[in-house]
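# Topology and contacts: notes
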Amino acid sequence: MQRKIFVLNGPNLNTLGTRKPEIYGAETLADVEARVRRRAQALGLEIEFFQSNHEGEIVEKIQQARTQAAGIVINPAAYTHTSVAIHDALEYAERPTVEVHISNVHAREPFRHHSYVSPIANVVIAGAGTLGYELALEWLANHLNPTHSA
Ligand code: DQA
């Protein structure tokens, strides 16, 4: 549990690779998972990688993080902009949390500018592409063990 990180992905991220590649890139979610697992191994972190199109399933997974994870990386996708339930679950989990967006949501439509997650996230990464997931792990590794130098 000490070094386990939940990497959580919200709705439509299962379509990465075919969905608007000009915005989200050509990598599939499986590619992202492989990249995340490689980086986690190098950082000495264990990963549970999860994607759901259902808000309640994401809420339940976040609740589990309270006792099962040392930290959370979450791309809540469209629920970022709508979900008080995900906000409340993250507040309950009380885990160090990094919010990741592949695209720069602030350079897109106004409805993407507000996040229910950002007020309870420790770190927000937007616009770094799928590298954002790796940057999130790097921050968590340092946060969990400040002497870490990888
Ligand atoms: C996203 C941005 C959201 O606005 C959008 O609904 C997504 C993906 C991103 O990773 O850039 O599904 O979270």
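Identification of the protein chain as 3-dehydroquinate dehydratase from Gulosibacter chungangensis is taken from an unreviewed UniProt entry. Among the UniProt annotations of the protein chain, the heading Pathway (unreviewed entry) holds the following wording: "Metabolic intermediate biosynthesis; chorismate biosynthesis; chorismate from D-erythrose 4-phosphate and phosphoenolpyruvate: step 3/7." If you open the UniProt record of the protein chain and go to Sequence similarities (unreviewed entry), you find "Belongs to the type-II 3-dehydroquinase family."

The subject of this paragraph is the sheet that holds strand S2 (residues 46–51). Spatially, the five strands line up as an open sheet ordered S2-S1-S3-S4-S5, and their pairing is parallel. Strand pairing shows two members of the sheet lacking a second neighbour, S2 and strand S5 (123–126), which therefore form its edges. Between one strand axis and the next, the sheet turns by 15° as a mean value, whatever way the strands run. With six bridges joining them, strand S1 (residues 4–9) and S2 adopt parallel strand pairing. Residue Lys4 lies in a different strand from S2, and its bridge partner there is Glu46.

With that settled, the discussion passes to unusual backbone geometry. Positioned with a positive phi, Lys20 is a non-glycine residue whose angle comes to about 30°. Among the secondary structure elements, Lys20 is positioned in the loop between S1 and helix H1 (21–24).

Neighbouring the ligand are Arg19, Tyr24, Asn75, Ala77, Ala78, His81, His101, Ile102, Ser103, Val105 and Arg112. Contacts to the ligand include His101, whose side-chain N or O atom sits 2.8 Å from an oxygen atom. Considered on its own, the ligand offers 320 Å² of accessible surface; in the complex 99% of this is hidden by protein. The residue inventory of the shell around the ligand, partitioned by class, reads five nonpolar, four polar and two charged.

To continue, consider the UniProt feature "binding site: substrate" (unreviewed entry) in the protein chain. This chain's UniProt record puts "binding site: substrate" (unreviewed entry) on Asn75, His81, Asp88, Ile102, Ser103 and Arg112. Across 38 residues of sequence, these annotated residues are also dispersed in space, with a maximum C-alpha separation of 24.2 Å. Structurally, the position occupied by Asn75 is in strand S3 (residues 71–75). Contact partners of Asn75, with chain neighbours within four places excluded, come to Leu8, Asn9, Gly10, Leu13, Val100, His101, Ile102 and Tyr133. The residue His81 is located in the loop between S3 and helix H4 (84–93) in this model. The exposure class assigned to His81 is buried, which follows from its relative accessible area of 16%. With residues up to four places along the chain from it excluded, the contact list for His81 reads Val105, Phe111, Arg112, His114 and Tyr116.

Cut-offs applied
Residues numbered from 1 in each chain as written. Predicted model: local features only at pLDDT ≥ 70, side-chain atom pairs only at ≥ 80, totals over all residues. Heavy atoms only, no water. UniProt positions renumbered as here; feature names shortened; annotations may be inferred. Pairing = 2+ DSSP bridges. Helix = DSSP H or I, 4+ residues; strand = E, 2+ residues; numbered from the N terminus. Axes fitted to C-alpha atoms, helices over the stretch in contact; angles between N-to-C directions. Near = heavy atom within 4 Å. Polar contact = N/O pair within 3.5 Å; in protein donor to acceptor, adjacent residues only side chain to side chain. Areas by Shrake-Rupley, 256 points an atom, 1.4 Å probe, with all protein chains shown as cover. Nonpolar A, V, L, I, M, F, W, Y, C, P; charged D, E, K, R; others polar. Contact = heavy atoms within 4.5 Å. Buried < 20%, exposed > 50% of the residue type's maximum accessible area, 1.4 Å probe, protein only.

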